[in-house]
Amino acid sequence: MGIAIYGSTNVKVNRTSIADCWGDGIVVGARKNGGVTVVSRDVLIKRVISTNNRRQALTIGGVNGLEVDSCVLTYTNGTAPQDGIDIEPDSDTAQYVYIKNCEIAHNVGNGVEMNAKTTTTAKVRNIFVTNNYMHHNAYSNYILHVQNSTINYNRFSANRVRNQIYAKDTTNCVFVPNTIN
């Protein structure tokens, strides 16, 4: 990983470039402390460039309060899932995540993927994806098992599989308006 933030509070990553990592450019998630899970809280990732990483530009696991603002998340390639942003906690909850004003592009996988796997106790809820430009990915957004989330005022262009949002098994989610061209 370029930067790994686990079980941390009040962290800021600003004006940083990360490239060519074997795994994720950045990962924000939980850690175990004895038998207790400690999620990351109140993390800000702003004006960060994460490019040409092998697994993900940004992976989000167990977190309560994350803002991703004005970042460039591009050219992820090498090993699955190869997304710009992957919100996929192992068994924790990812919530109150705000992704805004970012360019998410040229990733072999999806622009933004959210997946609370039903084989775990993971939850993905209260995710807000607003005013981003997502282009040249597989799907612009690939959403599975997500609650109370919004994807709106984004621009999708030239995504290979589908420009629109693919969503399955979602509850109380709003996916309009967005611009597709």
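Coordinates for the structure precede this section.
Being a predicted model, the structure only gives us computed values, none of them experimental.

Asker: Would you mind going over the side chain of Asn-163 with me for this structure?
Answerer: Inspection of the secondary structure puts Asn-163 in strand β22 (residues 162-168). Residue Asn-163 is classed as buried on the basis of its relative accessible area, which comes to 17%. A polar contact is formed between the side chain of Asn-163 and the backbone nitrogen of Asn-159, at a distance of 2.9 Å.

Asker: Sorry if this is basic, but what is going on with the sheet that holds strand β21 (residues 155-157) here?
Answerer: For sheets, the rule is that strands pair by backbone hydrogen bonds, running either parallel or antiparallel. Strand order in the open sheet made by the seven strands is β3-β8-β11-β14-β17-β21-β23, with parallel pairing throughout. Both outer strands of the open sheet, β3 (17-19) and β23 (179-180), are each paired with one neighbouring strand and no more. Here strand β17 (residues 133-135) runs beside β21; their pairing, made up of three bridges, is parallel. In the strand pairing of β21, Tyr-133 is matched with Arg-155.

Asker: Quick question: what am I supposed to make of the environment of His-135 here?
Answerer: Position of His-135 among the secondary structure elements: in strand β17. Distance in space between the C-alpha atoms of His-135 and Asn-148 is 25 Å, their sequence separation being 13 residues.

Asker: Any chance you could explain the nonpolar core here in plain terms?
Answerer: Where a protein is soluble and globular, its nonpolar side chains tend to be buried together. The biggest cluster of nonpolar side chains holds 38 residues, and the ones touching the most others in it are Ile-45, Ile-60, Ile-85, Ile-87 and Met-114. Filtering out sequence-adjacent residues up to four positions away, Ile-60 remains in contact with Val-28, Leu-66, Ile-85, Asp-86, Ile-87, Glu-88, Pro-89, Ala-94 and Val-97.

Asker: What is the right way to read the layout of surface pockets from this model?
Answerer: To find leftover empty space, a probe the size of one water molecule is rolled over the atoms. By volume, the largest pocket is sized at about 330 Å³. Breaking the lining of the largest pocket down by element, the ones donating at least two residues are β4 (24-29) and β5 (31-33). With four residues, β4 is the single largest residue contributor to the lining of the largest pocket. For the second largest pocket, the calculated volume is near 150 Å³. Ala-116, Lys-117, Thr-118, Thr-120, Ala-122, Lys-123, Val-124, His-145, Val-146, Gln-147, Asp-169 and Thr-171 are the residues that line the second largest pocket. Only β16 (123-130) and β19 (146-147) provide two or more residues apiece to the lining of the second largest pocket. By residue class, the composition of the lining of the second largest pocket is four nonpolar, five polar and three charged.

Asker: For this particular structure, what's the right way to read the pattern of salt bridges?
Answerer: Oppositely charged side chains are able to pair whenever their charged atoms sit close together. Inspection of every chain in the model, using the stated rule, returns four salt bridges. Residue Arg-55 pairs with Asp-24 through a salt bridge whose shortest N-O separation is 3.1 Å. Pair noted here: Arg-55 is in the loop between β8 (49-51) and β9 (56-60) and Asp-24 is in strand β4, with a separation of 31 residues, a long-range link. With its nearest N and O atoms 3.0 Å apart, the salt bridge here joins Glu-88 to Lys-117. With Glu-88 in the loop between β12 (83-87) and β13 (93-100) and Lys-117 in the loop between β15 (112-115) and β16, this residue pair connects regions lying 29 residues apart in the sequence. A relative accessible area of 16% means that Glu-88 is categorised as buried.

Conventions and cut-offs
Residues numbered from 1 in each chain as written. Predicted model: local features only at pLDDT ≥ 70, side-chain atom pairs only at ≥ 80, totals over all residues. Heavy atoms only, no water. Helix = DSSP H or I, 4+ residues; strand = E, 2+ residues; numbered from the N terminus. Buried < 20%, exposed > 50% of the residue type's maximum accessible area, 1.4 Å probe, protein only. Polar contact = N/O pair within 3.5 Å; in protein donor to acceptor, adjacent residues only side chain to side chain. Pairing = 2+ DSSP bridges. Core = buried A, V, L, I, M, F, W, Y, C linked by side-chain atoms within 4.5 Å. Contact = heavy atoms within 4.5 Å. 1 Å grid on protein atoms, 1.4 Å probe; cavity = no way out; pocket = protein on both sides within 12 Å on 5 of 7 lines; lining within 4 Å. Points joined across faces, edges and corners; volume = space filled by probe spheres on them. Nonpolar A, V, L, I, M, F, W, Y, C, P; charged D, E, K, R; others polar. Salt bridge = Lys/Arg side-chain N within 4 Å of Asp/Glu carboxyl O.

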